[in-house]
Amino acid sequence: PKQSENFPNPGRKMACHYEMTPKKWLVISITFVVLSTILAASLYGSAFQMIELNEVGLKINTFTKDVDGGNVYYSGRYFVGVTEEFKTYSTKIRTIQFGPKLDSVSIRGKTRNPSEIWVDASFEFKIKEDRLYELYSEYPSDGFHSAYIDKSKHAIQEVISEVFNNDLLNYREEVAYMMAEGIRAELEKDNANLISFQLQQVALDYKLENSFIDAMVKKQEQRTLELEKQLQQNEAEINVYDSQVENQSRIKDAQAIAQAKASYYERYYNLRIPYLKAIFQGYAKLIDQGGDVAFDKGGIFWHVLLRRIRTGSGQTLIAGVDFSRKVEVTTDTT
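Keep in mind the model is a prediction, meaning the values are calculated, not measured.

Q: How should the overall build of the protein be read in this particular structure?
A: Per the secondary structure count, the protein includes nine helices and eight strands. Considering only contacts within the protein whose residues lie at least 6 apart along the sequence, 68% involve residues at least 24 apart. For the protein, the exposed surface amounts to about 23700 Å²; the carbon and sulfur share of it is 55%.

As C-alpha cells, then:
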C-alpha cells in the first residue's frame, strides 16, 4: 500500500533503533552467563540436603511421590538431586500425657462395679527406625502422633473395664502394668516402642470416693483397737515375766542364804567335834547311871543333839555314836 508522507517507512526506523552493536552483545552475554551461573549454583545447592542429628529420613521423588523404602538415611549431608527430597522423622523419645491442659483430657472409664473414674497418665515412646517405610505408608501426613493418643486411650479404657474399684486402690502397680502392656501392644503394631508408662492419678466418683474414705477410716479404727488390745496383752505378759523373774530372784537369794547358813553350821560343827567328844566322854558315866544332864553350853543346836542322844536306847546307842562324822544340815528355809 502507499505510505503516508507524514510517516515514511516506520519499520526501517525501528530496525535502526534496535540495531545490535558488539557492546550490547557483550552485555547480553555476560548477563546470560551470570544468570546461568546463579541458576546452576542454586540447582546444585538444592541437590544437597541435610538430615539433622537425632533424625532419620526416607528419600521421596517430588514429582512421582515414589519412596525409596529400602534405605533409611541417618544424620548427615546427602546429594539427592533436584527431583528428590527427604522425609525426616525425629528419633528422640516423645511423651504423650493425659490430663488437664495436656495432649488429651483425663481418660474416663467404667470399672466392673460399675462406677465412673477418671485417670491421668503419661507414657514415653520412640518410633522404630527399621520400620520407617511402614510408618510413612500408614501415616504419610504425620498423623501417627494423634493415632497413638487414640489407641493408647482405648487400651487404658479396656483395662479399666476389667478391674474393680478396690484394684485401683490396693493393686495400683498391677493395674498400671496391665495398662502399659496394652499400650505396648498397640504401639508395636504401629511401628513404635513403649519406653515407660506412669499411672499418675485415679479420681473416683464423689460419692464413691467418700464411701471409700469412710470404709478406710473404719478399718483404721478397728486396726487401732486391735493394736491397743495387743499392747495391753503384751504389758500383761511383761508383768507376769517380771513377777517370775522376781520370784526366781527371791528363791535364788533364799537358797544362797540357806546354803551360807548350812556351810556356816557345818564349819562350826567340824570345829566343835573335839570339844563335844570330850564333853560326851565326861558325861557318859552320868548318862549311864540315869542322871539328867542339861547341856546348854554351845547353843540350842548342841542341846538338841544331846537330847537326842539321851532319849535313845541307853548305853549301847551312846557308845556306838561316831563323833568324827560330819552332820548334814538341810537347806530347808523352814
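Q: What is the right way to look at the nonpolar core in this model?
A: One recurring pattern in soluble globular proteins is that nonpolar side chains are buried together. Membership of the largest hydrophobic core comes to 39 residues, with the highest contact counts inside it found for F123, I156 and F197. Going through the elements one at a time, β2 (55-61), β5 (94-98), β7 (116-127), α3 (132-138), α4 (144-162), α6 (172-189) and β8 (192-204) are the ones with two or more residues in this core. When residues of this core are assigned to their parent elements, the largest contribution, eight residues, is made by α4.

Q: Help me out: how do you make sense of the packing of aromatic side chains in this one?
A: Remark: the centre distance and the inter-plane angle together describe each pair of aromatic rings, the angle taken between the planes. Per the counting criterion, the structure on display carries eight aromatic pairs. When the centroid spacing of 6.2 Å and the interplanar angle of 45 degrees are considered together, the rings of F123 and F125 count as tilted. Taken together through their ring pairs, the aromatic side chains of Y89, F98, F123, F125, F144 and Y148 make up a single cluster. Against the face of Y89 rests K87, its NZ or CZ located 5.8 Å from the ring centre.

Q: So what exactly am I meant to see when it comes to the pattern of salt bridges here?
A: Side chains bearing opposite charge may pair, as long as their charged atoms lie close to each other. On inspection of all chains with the given rule, the structure shows nine salt bridges. Between K59 and E84 there is a salt bridge; the shortest N-O distance is 3.8 Å. Separated by 25 residues along the polypeptide, K59 in strand β2 and E84 in strand β4 (residues 84-90) bring together distant segments of the chain. Residue K59 is classed as buried on the basis of its relative accessible area, which comes to 16%. Taking the shortest distance from any N to any O, the salt bridge between E246 and R250 comes out at 2.7 Å. One end of the pair is E246 and the other is R250, both in helix α7 (residues 206-288) and four residues apart, which spans about a single turn.

Rules and cut-offs
- Residue numbers run consecutively from 1 along every chain, following the written order of its sequence.
- With pLDDT at 70 or above as the cut-off, local features in this predicted model cover only qualifying residues; side-chain atom pairs require 80 or more to be listed or tallied, and sums for whole chains, interfaces and linings still use all residues.
- Hydrogens and waters are ignored; side-chain quantities use all the structure's heavy atoms.
- Numbering of helices and strands starts at the N terminus; helices are DSSP runs of H or I of at least 4 residues and strands are runs of E of at least 2.
- Any two residues having at least one pair of non-hydrogen atoms within 4.5 Å are treated as being in contact.
- Shrake-Rupley sampling with a 1.4 Å probe provides the accessible areas, and residues are treated as covered by the protein chains on show and by no other component.
- In these notes, a set of buried Ala, Val, Leu, Ile, Met, Phe, Trp, Tyr and Cys residues joined through side-chain atoms within 4.5 Å is what counts as a nonpolar core.
- Note on exposure labels: buried denotes an accessible area under 20% of the residue type's maximum, exposed denotes more than 50%, and partly exposed covers the range between, all computed with a 1.4 Å probe on protein chains only.
- What counts as a ring pair is set by centres within 6.5 Å for rings of Phe, Tyr and Trp (its six-membered ring), and what kind of pair is set by the plane angle: stacked under 30 degrees, edge-to-face over 60, tilted for all other angles.
- Charge-over-ring contacts are defined here by two conditions on Lys NZ or Arg CZ: a distance within 6 Å of the ring centre and an angle within 35 degrees of the ring normal.
- When a carboxyl oxygen of Asp or Glu lies within 4 Å of a side-chain nitrogen of Lys or Arg, that pair is called a salt bridge.

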